[in-house]
Amino acid sequence: MKIQRTDSSNEDFRDLVQLLDADLAIQNGEDQAFYSQFNNIDVIKNCIVVYVNETPAACGAFKKFEDDTIEIKRMYTHPDFRKRGLATAIVKELEEWAKELNYKKAVLETSLEQNEALSVYEKSGYVRIPNYGQYIGIEKSVCYEKAL
């Protein structure tokens, strides 16, 4: 496994995000249009791609949320590479990168239906918080935070 820090111009990152968006369109149905408006990758400067045997296998990113807080975004593991700890490795690398940039906290949103994601975040020390920002009142959304 090789972890590469990059930005949203990376073609492997973009390809993995396309697969993520296709999965989310199936899971979220007509609700996906609401979520898509908050997931524009063109403005994301901090992205990670994980390679397994030179194959892009997983990705994740963060963007500034508040002065001392990042928001984790665009987490995805290709189905062929799931259950290998890649998502946990991405979360850890994103947290390390954020700390290097002097951020103190991370927040994120995921769906209540994303059991694997919920498990990764909870095992990584994230605690559930009230839904924030655009996710307030969205019953399918669940939000988390962690002090870095």
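What counts and what doesn't
- Residues numbered from 1 in each chain as written.
- Predicted model: local features only at pLDDT ≥ 70, side-chain atom pairs only at ≥ 80, totals over all residues.
- Heavy atoms only, no water.
- Helix = DSSP H or I, 4+ residues; strand = E, 2+ residues; numbered from the N terminus.
- Buried < 20%, exposed > 50% of the residue type's maximum accessible area, 1.4 Å probe, protein only.
- Contact = heavy atoms within 4.5 Å.
- Areas by Shrake-Rupley, 256 points an atom, 1.4 Å probe, with all protein chains shown as cover.
- Pairing = 2+ DSSP bridges.
- Axes fitted to C-alpha atoms, helices over the stretch in contact; angles between N-to-C directions.

As annotated in an unreviewed UniProt entry, the protein chain is GNAT family N-acetyltransferase from Chryseobacterium shandongense.

Trainee: What am I meant to see in the overall build of the protein chain here?
Mentor: Tallying secondary structure elements over the protein chain gives four helices and seven strands in all. Per-residue burial over the protein chain gives 48% buried out of 148 residues. Within the protein chain, contacts between residues separated by at least 24 positions form 68% of all contacts whose residues are at least 6 apart in sequence. Accessible area of the protein chain: about 8,000 Å², with a carbon and sulfur share of 48%.

Trainee: Got a minute to help me understand the sheet that holds strand 3 (residues 55–66) in this structure?
Mentor: Spatial strand order, 1-2-3-4-5-7-6: seven strands in an open sheet with mixed pairing. Among the strands making up the open sheet, the edge pair consists of strand 1 (2–6) and strand 6 (127–129). The average undirected angle you get between the axes of adjacent strands in this sheet is 30 degrees. As judged from the three bridges shared by strand 6 and strand 7 (residues 141–147), these two strands associate in the antiparallel manner. Bridge pairing links I129 to C143 in strand 7. Contacts from helix 4 (residues 115–123) reach strand 4 (69–77), strand 5 (105–111) and strand 7 within the one sheet, and its direction differs from that of strand 5 by about 160 degrees.

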